[in-house]
Each structure stands twice: as structure tokens, then as C-alpha cells.
Amino acid sequence: MSLKADLTSADLNEVRQSALGAADPLGVAADLAKAAGDGRLADPQDAGLALALAAEIAESRSKLDAALRYVEGALEAYGKRDDSPVASARALRARILFRTDRGDEAFAEVEPLRPLLTQYPDAPAYITAALAVGGRAVEAEKWLTEAVEQVIADRGAAEPSDADDAGVLFFLLQQRHRLRHALGRQHDTHDNLAERLETKLANAGSAPAPATDLVFWPEAEFNRLVKQTDAYGTTWAEHRSRLEHELVRQAAAGRTDLALLPASVDALTALAGVGGDPASADNRAAYTRSLSTGAARLPWPPERNGACWCGSTLKYKKCCLPRSRS
């Protein structure tokens, strides 16, 4: 995989989806770091994102020295920013430190992130992941439980009616439920609430997808996914055709700001948790929701003279799908 010049945020998200399937993922990581260092990003503020992605790739290949170097570069690039991407990079650094047997240093990195559990929807996932790598899953459960109870107390209202009403509480409950399942815990009232909300979300997911929540599987990811489920189509051409049909239908109905959410098999599997079924309707619906809150969107229609989000460089009027269009 060769990286183009002037990488955009959407490009970086696409790299995230496909890098682990590349012939040389460590080369991709090195190229990302070099692009950030050489100013080859469309938005210089994406340097931290590019370096954090390089760190994730290097960590996945157990190149921990390189991963640590990249993530520390990411934190330096982020500077004084104080948001979820920065917190995620710090949790990643803690995870890498845990893997290098620097447990005290790792915990010192992740412990200050604890208050963010009640602020950012994605914080429960990356904080729990760091603690679990360090053999501190029980501590993660305690943090999640206390965060759940804090949010419930702050709500001061009746039980949330659905996932949207729950807000950040939904993600806390979801992460806690999966962690407790992995730990072999008996269900408690919070687990029951998590299951009720997930069931309501799954039932809602049987309705037509909202305009901005259309999940797109890049070809390499789809080829992995179809081995588990045909819910998104039996071939990539069918998957793309379905998306085009729905995009055209929604546009004709007057929908605006249409977009696609790039998806990852690894992320879907991770969300399912230990022993979970990534292809189940519940997990697919929950994954769509998690994408809609945190992933970069691919606007539709794509830029008229650029490459489409499907990878085609054919010219088109609305969208280049199916590939026979020109």
C-alpha cells in the first residue's frame, strides 16, 4: 500500500480500515509517521491522528519500541489539545507500556483518564482496553461500575427509554456488560439495563437506516466479513449496489448531508466481546451506532473529479457504483 500525498482525515480513516490487511503494515506505519513529519497531510492538525494510527499498527505487530515512539510523537503533535483523540492516544501509550512490563508507568498514564468515562462515548472502550492489557480487568470493572452509578445519579430521572435517551450511559453499560461477561460475572441490574437498551436498539435497527448511518465495508474488509455473515450482501458488488440504491432513494426523498460510515471487521469483533457473535443482529446494530458517534464520514456524492470512496477513479455524476457506470 502506497500512501498518496496530502492525506485527508477520510484517507487516514480508510488506512485504518485496510492497513492490517496490507502486504507490509509496518511499512504503512512508517509511511504514516513520515507523512506526519514531512507535512504531507491535507490538515496539519491530523499529525497526531496519523502518528497514533502508526502506533496502533506497530503495536498490532508487536513492534512495541516503534509503537511507543509513534504514540509519543502523536501526543507531542496534539500539544495542548484536550479531547477524546488525545485521551485515546494516552490510553494507547498506557497499553503499550503495559505490554513492555512498565506497569506503574502505564497506570500513571491511564488513571487520570478515569473521569473521561462519563464524558466521551468512546472512552469506556479505550480505557478498558488499556487496563485489560495490563491484567487489571477487575479494576476496569470497578471504574465502569462507579461511572455508571455516577451518570445514573446525575440523571436524576427514570430509566432511559432507549439508547439515544441514555447517551454516554449506553456506552458505559455496554462496555461494562461485555467486560463482566468476559470475567464470568452473574448479571446484576446494570447488566439487565444494558441488555434492554441493546435489544431496543437492535429492534430499531430493523427499520430503514437513517441517512447518515449507512455502513460501508471496504473491499478487503468485506471479503473478511462475508465469511461470517451475508447481512451486508453476498458479494462486494452487491454490497456497493445496495448502498448506491439506498443513497439514490434517500437523495430522491429530499435527504441531505448523506454519508457513509467506513467499517472494520476487527472493530466489529472487538465490540462483540469475548464469546460474542459479531454477526448477530444485536452486535451489528450496536456497531452501527458506535460508528455513527465516532467515525469519519465519507460524504456522498464524492468529489466529482476525485476517487470515489469505493476506490474507483471512474468519472460519475452522482456515484460511480456499480463499476459499469462512467
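A short tour of the structure in this document, coming up. Everything quoted here is computed from the prediction, not taken from an experiment.

Looking at the overall build of the protein
Helix and strand counts for the protein come out as 15 helices and 3 strands. Burial status across the protein gives 46% buried among its 326 residues. Summed over all atoms, the accessible surface of the protein reaches about 15600 Å², with 50% contributed by carbon and sulfur.

What about helix H7 (residues 123-133)?
By the burial criterion, the buried members of H7 are Ala123, Pro124, Tyr126, Ile127, Thr128, Ala130 and Leu131. The inward-facing, buried residues of H7 contact helix H5 (84-99), helix H6 (103-110), helix H8 (137-155) and helix H10 (168-183). Count one or two residues on from H7 and you reach glycine 135, which has phi positive near 75°.

Re the side chain of histidine 190
Position of histidine 190 among the secondary structure elements: in helix H11 (residues 189-204). Take histidine 190: its relative accessible area is 13%, and that puts it in the buried class. Each residue touching histidine 190, except ones within four places of it in the same chain, is listed here: Val148, Glu149, Ile152, Leu173 and Arg176.

Quick look at the nonpolar core
Counting 69 residues, the largest nonpolar core has Leu32, Tyr70, Val110 and Ile127 as its most contacted members. Those residues in contact with tyrosine 70 that lie beyond four places of it in its chain are Ala29, Ala30, Ala33, Leu51, Ala54, Ala55 and Ala58. If you look at the next biggest cluster of nonpolar residues, it comprises 14 residues, including Phe216, Leu225, Trp236 and Leu260.

Here's the deal with the packing of helix H3 (residues 47-60) against H5
When two helices pack together, their arrangement is given by the angle between the helix axes and the distance between those axes. Viewed as axis vectors pointing N to C, H3 and H5 meet at an angle of 25°, and their least axial separation amounts to 11 Å. It follows from the interaxial angle that H3 and H5 lie roughly parallel. Of the two elements, H3 crosses H5, and the hand of that crossing is left-handed. Between H3 and H5, the contacting residues are Ala52, Ala55, Glu56 and Glu59 on the first element and Leu92, Arg95, Ile96 and Arg99 on the second. The residue makeup of the contact of H3 with H5, split by class, is 4 nonpolar, no polar and 4 charged.

Details of helix H2 (residues 25-38)
Relative to the 20 Å expected for 14 residues at 1.5 Å per residue, H2 spans 20 Å between its end C-alpha atoms, a close match to the ideal helical length. Those residues of H2 not exposed but buried are Pro25, Gly27, Val28, Ala29, Leu32, Ala33, Ala35 and Ala36. Positive backbone phi, at 70°, marks glycine 39, one or two positions downstream of H2.

Regarding the pattern of salt bridges
This model, assessed by the stated rule, comprises 21 salt bridges. Several salt bridges converge on common partners, so that one network encompasses Glu72, Arg90, Arg93, Arg102, Glu105 and Glu109.

Remarks on the packing of aromatic side chains
Under the counting rule described, the total for this entry stands at 3 aromatic pairs. With a centroid separation of 5.4 Å and an interplanar angle of 80°, the aromatic rings of phenylalanine 170 and phenylalanine 171 are classed as edge-to-face. Judged on exposure class, the residue phenylalanine 170 and its partner phenylalanine 171 are both buried. It is arginine 69 that lies over the ring of tyrosine 70; its NZ or CZ is 5.4 Å from the centre.

Here's the deal with the side chain of glutamate 109
Topologically, glutamate 109 is positioned in helix H6. Taking relative accessible area as the criterion, glutamate 109 reaches 12% and is therefore assigned buried. Dropping the residues within four chain positions of it, glutamate 109 is found in contact with Arg90, Arg93 and Ala94.

Remarks on unusual backbone geometry
Of note in this structure, serine 62 is not a glycine but carries a positive phi near 60°. You can see serine 62 is positioned in the loop between H3 and helix H4 (64-78). Of the residues examined, serine 62 reaches a relative accessible area of 58% and is grouped as exposed. Residue aspartate 101 is not a glycine yet carries a positive backbone phi of 60°. Assignment of secondary structure puts aspartate 101 in the loop between H5 and H6.

Concerning the packing of H7 against H10
Between H7 and H10, the least distance of the axes is 9 Å, while the angle of their chain directions is 30°. Accordingly, the angle class assigned to the pair H7 and H10 is roughly parallel. Taken together, the residues of H10 that come into contact with H7 (itself represented by Pro124, Ala125 and Thr128) are Phe171, Leu172, Gln175 and Leu179. When its residues are assigned to classes, the contact of H7 with H10 shows 5 nonpolar, 2 polar and no charged.

As for the environment of alanine 94
Within the fold, alanine 94 resides in helix H5. Residue alanine 94 is classed as buried on the basis of its relative accessible area, which comes to 0%. Residues alanine 94 and aspartate 104, 10 residues apart in the sequence, show an inter-C-alpha distance of 9.6 Å. The residues touching alanine 94, leaving out its near neighbours within four places in the chain, are Ala106, Glu109, Val110 and Ala130.

About the criteria used
- Residues numbered from 1 in each chain as written.
- Predicted model: local features only at pLDDT ≥ 70, side-chain atom pairs only at ≥ 80, totals over all residues.
- Heavy atoms only, no water.
- Helix = DSSP H or I, 4+ residues; strand = E, 2+ residues; numbered from the N terminus.
- Buried < 20%, exposed > 50% of the residue type's maximum accessible area, 1.4 Å probe, protein only.
- Areas by Shrake-Rupley, 256 points an atom, 1.4 Å probe, with all protein chains shown as cover.
- Contact = heavy atoms within 4.5 Å.
- Core = buried A, V, L, I, M, F, W, Y, C linked by side-chain atoms within 4.5 Å.
- Axes fitted to C-alpha atoms, helices over the stretch in contact; angles between N-to-C directions.
- Parallel < 35°, antiparallel > 145°, perpendicular 65-115°, else oblique.
- Left-handed = near helix turned anticlockwise from the far one by under 90°.
- Nonpolar A, V, L, I, M, F, W, Y, C, P; charged D, E, K, R; others polar.
- Expected span 1.5 Å × (residues − 1).
- Salt bridge = Lys/Arg side-chain N within 4 Å of Asp/Glu carboxyl O.
- Phe/Tyr/Trp six-rings, centres within 6.5 Å; stacked < 30°, edge-to-face > 60°.
- Lys NZ or Arg CZ within 6 Å of the ring centre and 35° of its normal.

As far as function goes, none of this settles anything; it's purely spatial.
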